[in-house]
Amino acid sequence: PPKDWADASLLVPHEALRMEMNYMIKSVDKLCELAKCNTMQSWQVVYFCEWYLDVFAPFCHEHHEVEEEVYFPWLQTRANIPRKELSKEHEELVEMLDGLASVCNKIISKTGYDCKG
């Protein structure tokens, strides 16, 4: 259980993100391993992309929106935080998330085949 306000407001919400990111890393590592052995199948990449689009990306976007709209304003009433810097970091993360979403959409539209461009 959380020990203080920092655990409850920072640690706990980010643990779920870390867990999902670890799943993503394991999945990508496995796909790379299969690709090196030339045993990767298109459905495996499509499933990864579906998980990313249906689970991970929306989860991250919702988390960042809540931080921007609720948590940062509340925290700013209690401490001097670098809100612009934190918001800029979120913008950069959202750009990366959206870039991967674009790639995943292309892969899914081609059912994982001929996805070089």
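Coordinates for the structure precede this section.
Thoughts on the pattern of salt bridges
So, point 1. Within the structure shown, the criterion is met by 3 salt bridges.
So, point 2. A salt bridge links E92 to K88; the nearest nitrogen and oxygen atoms lie 3.1 Å apart. In this pair, E92 and K88 both sit in helix α3 (residues 83-109), 4 residues apart, roughly one turn of the helix.
So, point 3. When its relative accessible area of 40% is taken as the criterion, E92 is described as partly exposed.

Some remarks on the nonpolar core
So, point 1. C49, Y52 and F56 are the most contacted members of the largest nonpolar core, which totals 15 residues.
So, point 2. Every element with two or more residues in this core is listed here: α1 (5-36), α2 (42-76) and α3.
So, point 3. At 8 residues, the largest contribution of residues to this core is made by α2.
So, point 4. If near-sequence neighbours (up to four positions away) are discounted, C49 is found in contact with C104, I107 and I108.

Structural notes on α3
So, point 1. Along its 27 residues, α3 runs 38 Å from first to last C-alpha, staying within 8% of the 39 Å computed at 1.5 Å per residue.
So, point 2. Considered for burial, the residues of α3 that qualify are S87, H90, L97, A101, C104 and I107.
So, point 3. In the core, the buried residues of α3 are packed alongside α2.
So, point 4. Positive backbone phi, at 50°, marks T111, one or two positions downstream of α3.

About the thresholds
Residues numbered from 1 in each chain as written. Predicted model: local features only at pLDDT ≥ 70, side-chain atom pairs only at ≥ 80, totals over all residues. Heavy atoms only, no water. Salt bridge = Lys/Arg side-chain N within 4 Å of Asp/Glu carboxyl O. Helix = DSSP H or I, 4+ residues; strand = E, 2+ residues; numbered from the N terminus. Buried < 20%, exposed > 50% of the residue type's maximum accessible area, 1.4 Å probe, protein only. Core = buried A, V, L, I, M, F, W, Y, C linked by side-chain atoms within 4.5 Å. Contact = heavy atoms within 4.5 Å. Expected span 1.5 Å × (residues − 1).

So, to be careful, I would describe these as geometric facts and stop short of saying anything about function.
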